[in-house]
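Okay, here's what each chain looks like letter by letter:
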Amino acid sequence: MKKRIVSGIKPSGSLTLGNYIGAAKQFVDLQNEFDSFVFVADLHAITVPQNSTELRARTYDLVKLYLAMGLDPKKTTLFIQSEVPAHLQLAWVFTCSSYMGELERMTQYKDTVLKNKVKQLPIGSGILQYPPLMAADILLYDPQIVPVGDDQSQHLELTRTLAERLNGITNQDIFTIPETFKPKQGARIMSLQEPTKKMSKSDDNPKSYIALLDPIAVSVKKIKSAVTDSEMVVRYDVEHKPGISNLLTIYASLENIEISDAQKHFENSTYGEFKTAVAKTVEIFLTELQNKYHALNMDTVNAILDDGRIKADAIASKKISHVYHKLGIGRF
Ligand code: ATP
Ligand code: LTN
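What you see is a predicted model, and the numbers here were worked out from it, not measured in a lab. (Residues numbered from 1 in each chain as written. Chains lettered and ligands numbered in written order. Predicted model: local features only at pLDDT ≥ 70, side-chain atom pairs only at ≥ 80, totals over all residues. Heavy atoms only, no water.)

**Focus: the side chain of Ser-208**
So the rule is basically this: Secondary structure follows DSSP: runs of H or I at least 4 residues long count as helices, runs of E at least 2 residues long count as strands, and numbering of each begins at the N terminus. As used in this structure description, the phrase polar contact means that two N or O atoms lie within 3.5 Å; if the pair is within protein, one of them must be able to donate a hydrogen and the other to accept it, and residues adjacent in sequence are counted only when both atoms belong to side chains. Note on contacts: a residue pair is in contact if any heavy atoms of the two residues lie within 4.5 Å.
When you line up the elements, Ser-208 lands in the loop between strand E5 (179-181) and helix H9 (216-224). There is a polar contact of 3.3 Å between the side chain of Ser-208 and the side chain of Asp-203. Among residues more than four places away in sequence, those in contact with Ser-208 are Ser-191, Leu-192, Gln-193, Met-199 and Asp-203.

**A look at the packing of aromatic side chains**
Selection rule: Note on aromatic contacts: the rings of Phe and Tyr and the six-membered ring of Trp form a pair at centre separations within 6.5 Å, being stacked when their planes are under 30 degrees apart, edge-to-face when over 60 apart, and tilted otherwise. Exposure categories follow from relative accessible area, calculated using a 1.4 Å probe and restricted to protein chains: below 20% of the type maximum is buried, above 50% is exposed, and the middle band is partly exposed. Our definition puts a charge over a ring when NZ of Lys or CZ of Arg is within 6 Å of the ring centre and also within 35 degrees of the ring normal.
Enumeration over the complete set of coordinates arrives at eight aromatic pairs. Pairing Phe-94 with Phe-175 gives two aromatic rings, centres 5.5 Å apart and planes at 50 degrees, and the pair type is tilted. Of this pair, Phe-94 sits in helix H4 (residues 86-97) while Phe-175 sits in the loop between helix H8 (153-170) and E5, and the two are 81 residues apart along the sequence. According to the relative accessible area criterion, Phe-94 is buried, its value standing at 0%. Linked through ring pairs, Phe-37, Phe-39, Phe-79 and Tyr-141 together constitute an aromatic cluster. When the ring centre of Tyr-293 is taken as origin, the NZ or CZ atom of Lys-64, which lies over that ring, is 4.4 Å away.

**What to know about the side chain of His-155**
With respect to the helices, strands and loops of the structure, His-155 is situated in helix H8. The buried category is assigned to His-155, whose relative accessible area is 2%. The residues contacting His-155, other than those within four sequence positions of it, are Met-106, Gln-108, Tyr-130, Pro-131 and Met-134.

**Overview of unusual backbone geometry**
Across residues other than glycine, the phi torsion is negative in most instances, and most of the peptide bonds are trans. Here Met-232, not a glycine, exhibits a phi torsion of approximately 70 degrees, which is positive. Counting through the fold element by element, Met-232 comes out in the loop between H9 and helix H10 (242-255). Even without being glycine, Asn-256 reaches a positive phi, approximately 55 degrees. Within the secondary structure layout, Asn-256 lies in the loop between H10 and helix H11 (259-265).

**Re the pairing of strand E1 (residues 4-9)**
What counts is decided by this rule: In this description, strands pair whenever DSSP reports at least two bridges between them. Orient the strands so they point away from the viewer; a crossover is then right-handed if the path from the first strand over the helix to the second runs clockwise.
Within E1, five of the six residues are buried, which leaves it mostly tucked inside the rest of the structure. By the bridge criterion, six bridges tie E1 to strand E2 (residues 35-40) in an arrangement that is parallel. Counterpart to Ile-9 in the pairing with E2 is Val-40. With helix H1 (residues 17-30) bridging E1 and its parallel neighbour E2, the resulting β-α-β unit is right-handed.

**Some remarks on the layout of surface pockets**
Under the convention used in this document: Site definitions follow a grid-based scheme: protein atoms alone, a 1 Å grid, a 1.4 Å probe that fits but cannot get out for cavities, and for pockets an open set with protein on both sides within 12 Å along at least five of seven lines, plus lining residues having an atom within 4 Å of a point. Grid points are joined across faces, edges and corners, and a volume is the space filled by probe spheres set on the points. Note that Gly is not counted as nonpolar here; it falls among the polar residues with everything else outside the nonpolar set of Ala, Val, Leu, Ile, Met, Phe, Trp, Tyr, Cys and Pro and the charged set of Asp, Glu, Lys and Arg.
Its boundaries defined by the atoms lining it, the second largest pocket holds a volume of some 330 Å³. Along the walls of the second largest pocket sit 16 residues, with Tyr-20, Met-69, Leu-254, Phe-285 and Glu-288 positioned nearest its centre. Listed by contribution, the elements that provide at least two residues to the lining of the second largest pocket are H1, helix H3 (52-69), H10 and helix H12 (271-295). Among the elements that line the lining of the second largest pocket, the one with the most residues is H12, at six residues. Taken together, the residues that form the lining of the second largest pocket break down as eight nonpolar, three polar and five charged.

So this is what it looks like as structure tokens:
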């Protein structure tokens, strides 16, 4: 039997090159080898306030992008998290078996608390409950592997802890303990403007990220105005040259080569020549992606999602019944 992977992305903004290189590219690469489940994490998106029209549009956009990137519905079960009710049913079980201290230690939670305090905004309790829902998303499907970017490692660790805890409580191996899978390079693509910060789709400064649906000319401009340094040598050195290292990582990932080979390729280049080459690579990648994206129609997408929902729900509903049974929830 093939091993299984599960992962998802929130439709909380326009998908960036960071989301692609750190996460989605892995989904595409791994689908040939694994039984693959990929979803749109719309219930995670509402942990922060969303506009309903935009959220629905972004949900479709994300599915179309998944398909345009190369997810093949014959190999990958593609679905929307909110259409499979067992995600929320199991999330409650993990909410009850997680500890406040564990949840409050999560970096994503702490960052949101800090940000909202500065902006004098309330802190939604969904942000605290985000990891139990994520644990449910994963453990319902018993995957061996979860491909994610660097910033999700901590949530994955907690997922493993919660799985082990429930297995312990029930004295049975109800859940498979999954491994985190991060790409060898590009697990943390950095902001183009502040290269010591991660590239994020919810960054206030749009120049800091390349959105996959950015007009091509805009993305070329963003690469060309990326922050670098004054050394004038194209060299991979994250500590001293975060901007150049980030561009090298982007180039190597999109060209499917090693960073060391990319560095060799540009050893005699000026920063101007280097940025022009990176921009060209990004341009070629985005042009192909966007052409495929625009060619998809609503009926095709809906048919794929219907099929995905049925397949995911069959596994997830069986699993939640089993978990409830083991926990003594419900009738004899
Ligand atoms: P937000 O900024 O709204 O929190 P995000 O851009 O971090 O969103 P997510 O939906 O949280 O996006 O992440 C989806 C996937 O993309 C996760 O696996 C995450 O680790 C990965 N990812 C996000 N940003 C990056 C990045 N800059 N580099 C590499 N991987 C990333
Ligand atoms: N929290 C993730 C998105 C996500 C996810 C998951 C990733 C929600 N559920 C399950 C992997 C597996 C994020 O990237 N912010």
